[in-house]
Amino acid sequence: MRKFLGLVLTGMLLFCTIFSIVGCREEKDLIEGSFYSLEEAYENGWLTEENLEDIAGYHNNGIQYPERLNEEILVRIKTDWAKKLREDKTNPISNVTADEINVYKYYGTYGDCVVIMLDYSLAEYPAEYIPSTIEIGGITFNFSHPRYISQLVIWKS
């Protein structure tokens, strides 16, 4: 009986140790999804021309998507974008956290692709207006500044 009780206690201790190590990982160690451009998502077949038309309609006309992004997914996206910024090869931002990431617009979920416009809230950009457009699959997307092109992204879990 003592041997059995010892095995049970040892197993519980091992389980609790593993659980506490996994549960205490820092935000920067967690990655749940990857980011892609609209063009990459279209070329990979994750978005159709019809999807692009819908997204461009919301984006170009400043129309709000009729549904809200699930809060849990929003936190996962912000966490992943912060990690992406910290690990950027050309201009890493070593201390950015998920709390500093803003999701400006949600354009809908298409399959397992969440389409969003996001940015690092403390980033500094020129205030000038420089209209830019891109065309994907014959669909035109208009931007008030070229920097926004890279901020309209797909998050794929």
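Residues numbered from 1 in each chain as written. Predicted model: local features only at pLDDT ≥ 70, side-chain atom pairs only at ≥ 80, totals over all residues. Heavy atoms only, no water.

Draft legend 1. Representation of the overall build of the protein chain within the structure. Looking only at helices and strands, one finds 4 helices and 6 strands in the protein chain. Ordered by position in the sequence, the α and β elements of the protein chain form the string α-β-α-α-α-β-β-β-β-β. Taking all 157 residues of the protein chain together, 34% fall into the buried category. Summarising the internal contacts of the protein chain: among those between residues at least 6 apart in sequence, 61% fall at separations of at least 24. Summing over all exposed atoms, the protein chain offers an accessible surface of approximately 10200 Å²; the carbon and sulfur share of this is 54%. (Helix = DSSP H or I, 4+ residues; strand = E, 2+ residues; numbered from the N terminus. Buried < 20%, exposed > 50% of the residue type's maximum accessible area, 1.4 Å probe, protein only. Contact = heavy atoms within 4.5 Å. Areas by Shrake-Rupley, 256 points an atom, 1.4 Å probe, with all protein chains shown as cover.)

Draft legend 2. Geometry of a negative patch on the surface. A surface patch of like charges, here negative, comprises E49, E50, E53 and D54. Turning to its location among the elements, D54 is positioned in helix α3 (residues 49–61). (Patch = residues over 30% accessible without salt bridge, like charges linked within 9 Å, V, L, I, M, F, W, Y side chains within 5 Å. Salt bridge = Lys/Arg side-chain N within 4 Å of Asp/Glu carboxyl O. Lys, Arg positive; Asp, Glu negative; His and termini not counted. Charge placed at Lys NZ, Arg CZ, Asp CG, Glu CD.)

Draft legend 3. Main features of the sheet that holds strand β2 (residues 101–110). Here we have 4 strands laid out as an open sheet, ordered β1-β6-β3-β2, and antiparallel in their pairing. Where the open sheet ends on each side, the last strands, each with one partner, are β1 (34–37) and β2. Neighbour-to-neighbour, the strand axes of the sheet open up by a mean angle of 35 degrees, direction not taken into account. Note that β1 and strand β6 (residues 152–156) share 4 bridges and pair antiparallel. When the bridges of β6 are listed, F35 appears paired with W155. Strand contacts of α3: β2, β3 (113–120) and β6, with the helix running at about 140 degrees to β2, the strand carrying the most contacts. Across the sheet, helix α4 (residues 71–86) touches β1, β2, β3 and β6, and the angle it forms with β3 is around 55 degrees. (Pairing = 2+ DSSP bridges. Axes fitted to C-alpha atoms, helices over the stretch in contact; angles between N-to-C directions.)

Draft legend 4. Representation of the environment of N61 within the structure. For N61, the position within the fold is in helix α3. Placed 81 residues apart in sequence, N61 and N142 show a C-alpha to C-alpha distance of 9.3 Å. There is a polar contact of 3.0 Å between the side chain of N61 and the backbone oxygen of G57. (Polar contact = N/O pair within 3.5 Å; in protein donor to acceptor, adjacent residues only side chain to side chain.)

Draft legend 5. Fine view of the nonpolar core. Within the largest apolar cluster, 37 residues are counted, with the highest numbers of intra-cluster contacts made by L38, L47, I77 and F141. Within the residue set of this core, elements represented by two or more residues are α2 (38–43), α3, α4, β2, β3, β5 (139–143) and β6. The element best represented in this core is β3, accounting for 7 residues. For L47, the residues in contact, after removing those within four places along its chain, are L38, A41, Y42, L52, I55, Y110, C113 and I154. (Core = buried A, V, L, I, M, F, W, Y, C linked by side-chain atoms within 4.5 Å.)

Draft legend 6. Focus on the pattern of salt bridges. What the rule picks out here adds up to 3 salt bridges. With a closest N to O distance of 2.2 Å, E87 and K83 form a salt bridge. The class of E87 is partly exposed, set by a relative accessible area of 46%. Residue K83 is classed as buried on the basis of its relative accessible area of 12%.

Draft legend 7. How the structure looks around α4. In this model, α4 (16 residues) spans 23 Å end to end at C-alpha, consistent with the 22 Å of a helix rising 1.5 Å per residue. For α4, the set of buried residues is I73, L74, I77, T79, D80, W81, A82, K83, L85 and R86. Where α4 is buried, its residues contact β1, β2, β3 and β6. The N-capping residue of α4, defined by a side-chain oxygen 2.7 Å from the backbone nitrogen of E72, is N70. (Expected span 1.5 Å × (residues − 1).)

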